[in-house]
Amino acid sequence: MSTRVRSIALLVGLALLLVFPLVGDRFYVQFFSKILIMTIFAGSLNLLVGYTGLISLGHAAFFGIAGYILALYSPDTAAAGLLTSLLLSVGGAALLALLIGSLVVRTGGIFFIMATLAFAEMLFYLFHDTAIAGGSDGIYIYQRPTLMIAGWQPLDLANIVHFYYLVLFFSLAAIVSIHTLLRSPFGKVIVGIRVNEQRMRALGFHTYRYKLVCFVIAGALAGLAGYLAASQFGVVNPEMLGWHLSGSVLMMVILGGMGTLVGPVLGAFSLMMLEEGFQSITKHWQLLTGAVIVLVALYLPRGFAGLLPKRTGNKTLPPRSKGGTGSSAAVDRPYV
Amino acid sequence: MSEVVLETRDLSRNFEGLVAVDGVSLSCRMSEVHAVIGPNGAGKSTLINLLSGDLRPSAGSVFLRGEDVTGLSSPRISRLGVGRSYQRTNVFLPFTVFENCRLAAQSRLDTSMRFFRQALHYRAVSDAAMRAIEQVGLAQQTDKPVEALSHGEQRQVEIAMTLATNPSLLLLDEPLAGMGAEESVQIVELLRTLASDHAILLVEHDMDAVFALANTLTVMVNGAILESGEPQAVRSNRLVQVAYLGEHDFGSNRF
Amino acid sequence: MDPHIFLIQLLNGVQYGLLLFLVASGLTLIFGIMGVINLAHGSFYMLGAYLAWSLTAQLGNFWLALLSGFVLSVVLGMLLEWLFIRHLYRRDHLQQVLLTYGLILIFSELRSIVWGDDVHSVAVPALLAGSIPLTETLAYPVYRIWLSIICVVLAAGMYYLIQHTRLGMMIRAGASNREMTQSLGIDIGLLYRLVFAFGIALAAFAGMLAAPVSSVYPGMGNQVLIICFVVVVIGGIGSVKGAMAAALLIGLVDTFGKVVEFEIGGFRVLPELAGMSVFVMMAIVLLWRPEGLFGARLR
């Protein structure tokens, strides 16, 4: 696909997203907001999985904690301030990512997969088994956050159109930030780590620090998504930290095509539309989702992005190079 | 005499009881090429891995310019001005030659925790990368992905990356292995030039290159030093001839 | 703590640990030998428990259910390996995660379609229904003791198989060098099929054994999977010895954590937080030895 066709497609897509709430049905405006939130969430995980090569199965921890922070911070009878609550939620998610990250980033490969999942589940049990924030039933946010500037209220998150545009703004901002990040020296380092971490170390990069910072950035972005999700539905429960959500978002990243900017967008749209469709067919819709996932794993290793026509100067990330001295394969598979 | 850049004392490494490097003491000065030779399995690569921080010594110490660096991690050793190349090409295969060397040069920024400005806009980094590429003679291939290059050219990338980190001590693990004759001559020439202002520890099987370059020659057998000294003196040592030639026939023109 | 209650908790902890070992060893073997991360491993534990429930009802005999359930799981394992898993050996971990996650969803829905979403219980077989009296008021169920013994026998058998038999030698060789094993004329495809089938059958068997002591419920597979991940991270990946040590450790910590109320610096630590204790242990191990207690050192 030529760059021109691509730009036109992007612009048309963007225009559609911009005018959609003016013409679209209320239900779909909300549904699209939900999808856009998931693109932020998936984009944040893509930073880890697609670019740095760290497969996290516990990313919902940061999504959920941000939601819980908003819920606990919101007063029952008044609306929380948008800026303060957003800052608290995202900061809290980043802090949690720093804490968990400093432990799990010490490992790699399959250890990393297991450890991220285990820590996220720990958080799940913390909120599920204790009385903090309503236990297994969760907690309600009775009044959605609002933005107040000197008595003027430009944004009310209870208004679904306001909410849609806020989410659209944040998802575009997230994509632009990730794009900028990837072209920076930091971005070059994380991609280098994905391809050959041992060589990066030999070149003098303290890879632990870079992986940890990347983990924190991804956690903060996931926190942004979690904050928005909590404000959209006004309810937060332990499922928001659970491994089904971690699994789903990982599926979005892989389905869409890892290590590409459009991948998470594609993945979030396709998985959520598919699930929506399946749910209308049968109560056992996860059977169909599972079948699709299995088929993609077997036949579309590069995800749906692999189906798109290739653009000149292939921008998708190459596979991790195998072998090489001291590759992670040797670390991953000791003797029995 | 010039400054001692690298010194090891009784350096050893075991792998589950197996001794790979056994009490090695050697040194390498500025402007010196110290070649280490020995049959396969003599522990030469393990020695390099111990010096570069890829492996931790079981016993003994390593000093860089008199400072004890034993057990430091490979990033820290690299940042002290030690560059190494690998016996088996160990690069970023999907990246271009330029990006491989640019990453190497970027490692000399005080930090890469820079998130906003484009990496390509750091002129000093790009210039250092281009210099290294020109030094090894790969200027024509700059924008090709390394996986598309010939084996010999990939070996040149390996050396260019090492140079792009601007090291004062070079640890070269069989840099000529797998190179064509023409490229070998070019790299030997390059090493001769580099020797004037670098300390070079060279592990190499190509004896013509070793005798063309080395000021000091060390022979390792079974992890330990068998003989070390002036190349011509070592060559004439009968023990070396028996141990080395007896086990491995490198052909009359090689040793 | 009363010494008798202590003894009972100790036995419970060991029994839970041994059961965890059965599930976790299958997970670690499949990873250590085949290099495949099997997220669906917990599903087989859940399937095993439902099989025990359903087959006991059908056949009217727990022992027949156990036997036929085990055979069924081995067959299922070989079928799954042939259908799906064998395509994953040379792929990234990511595709393995993707495919086995898909399998979790599929098994969970199949279970829902075939057996429904209700919680069930399985009666302890008559032969083992009694209890051994410890004091006049306290007794310990025979079934739990028998269960621990079966687990120990299986663990010993596994150790013997891996260390002292030709099959075990093949398994160890396959783990360290796939190409070499192939050149020795060992049918690596068949070997892997057997390892996978045996690995998941262990998980299913553990589920069957657990059915009479715990209830049979839909979420049991995911819960056990996560604890098994903790076992593998603590024990070291691919290490059966490590899995044993870590499983016992977790069994004890978890069991005692649930009955003991600590006070730390004036704060009463609630038993509800016992679920966290195993994760705290994992955090400590990651800080101290990121490669696990029995994993290979990195440098």
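What you see is a predicted model, and the numbers here were worked out from it, not measured in a lab.

Examining the interface of chain A and chain B
Tallying the contact residues gives 31 residues for chain A and 38 residues for chain B. For the chain A and chain B pair, buried surface summed over both sides reaches about 2,900 Å², with 62% attributable to carbon and sulfur atoms. Scanning the region where chain A abuts chain B turns up 1 salt bridge. Glu 158 of chain B is the partner of Arg 199 of chain A in a salt bridge, and the nearest nitrogen-oxygen pair spans 3.1 Å. Counting the contacts that link chain A with chain B gives 19 residue pairs in polar contact (both at pLDDT 80 or more). Where the side of chain A that touches chain B is concerned, the elements lending two or more residues are helix 6 (160-183), helix 7 (185-202) and helix 8 (207-233) of chain A. Its residues placed into classes, the side of chain A that touches chain B shows 16 nonpolar, 10 polar and 5 charged.

Some words on the nonpolar core
Note that soluble globular proteins tend to have their nonpolar side chains buried in a common cluster. With 250 residues, the main nonpolar core has Leu 228 of chain A together with Met 34 of chain C as its most contacted residues. For this core, the domains that each give at least three residues are domain 1 (1-81 + 167-255) and domain 2 (90-166) of chain B. Counting 26 residues, the second largest nonpolar core, distinct from the first, contains Leu 11, Ala 42, Leu 50 and Ile 77 of chain B.

Regarding the domain arrangement of chain B
Residue and element names in this part refer to chain B. Domain boundaries assigned for chain B yield domain 1 (1-81 + 167-255) and domain 2 (90-166). A C-alpha centroid distance of 25 Å is found between domain 1 and domain 2. Each partner contributes residues to the interface: domain 1 has 16 residues there, and domain 2 has 17 residues. Buried area between domain 1 and domain 2, summed over both chains or domains, comes out near 1,300 Å², and the portion from carbon and sulfur atoms is 55%. Linking domain 1 with domain 2 are 4 residue pairs in polar contact (both at pLDDT 80 or more). Of all elements in the fold, only helix 2 (74-79), strand 7 (169-173) and helix 6 (181-194) reach the threshold of two or more residues within the side of domain 1 that touches domain 2. Here the side of domain 1 that touches domain 2 is built from residues that sort into 8 nonpolar, 4 polar and 4 charged.

So, the packing of aromatic side chains
Here the structure, examined in full by the defined rule, presents 32 aromatic pairs over all chains. Ring geometry for Phe 112 of chain A versus Phe 215 of chain A: centroids 6.0 Å apart, planes at 90°, classification edge-to-face. Here Phe 215 of chain A lies in helix 8 and Phe 112 of chain A lies in helix 5 (residues 109-129), a separation of 103 residues in the sequence. When its relative accessible area of 1% is taken as the criterion, Phe 215 of chain A is described as buried. Between the aromatic rings of Phe 115 of chain B and Phe 116 of chain B, the centroid separation amounts to 6.4 Å while the plane-to-plane angle is 70°, which identifies the pairing as edge-to-face. According to the relative accessible area criterion, Phe 116 of chain B is exposed, its value standing at 69%.

The rules behind the values
Residues numbered from 1 in each chain as written. Chains lettered and ligands numbered in written order. Predicted model: local features only at pLDDT ≥ 70, side-chain atom pairs only at ≥ 80, totals over all residues. Heavy atoms only, no water. Contact = heavy atoms within 4.5 Å. Buried area = accessible area lost by both parts, 1.4 Å probe. Salt bridge = Lys/Arg side-chain N within 4 Å of Asp/Glu carboxyl O. Polar contact = N/O pair within 3.5 Å; in protein donor to acceptor, adjacent residues only side chain to side chain. Helix = DSSP H or I, 4+ residues; strand = E, 2+ residues; numbered from the N terminus. Nonpolar A, V, L, I, M, F, W, Y, C, P; charged D, E, K, R; others polar. Core = buried A, V, L, I, M, F, W, Y, C linked by side-chain atoms within 4.5 Å. Buried < 20%, exposed > 50% of the residue type's maximum accessible area, 1.4 Å probe, protein only. Domains from an automatic or database assignment. Phe/Tyr/Trp six-rings, centres within 6.5 Å; stacked < 30°, edge-to-face > 60°.

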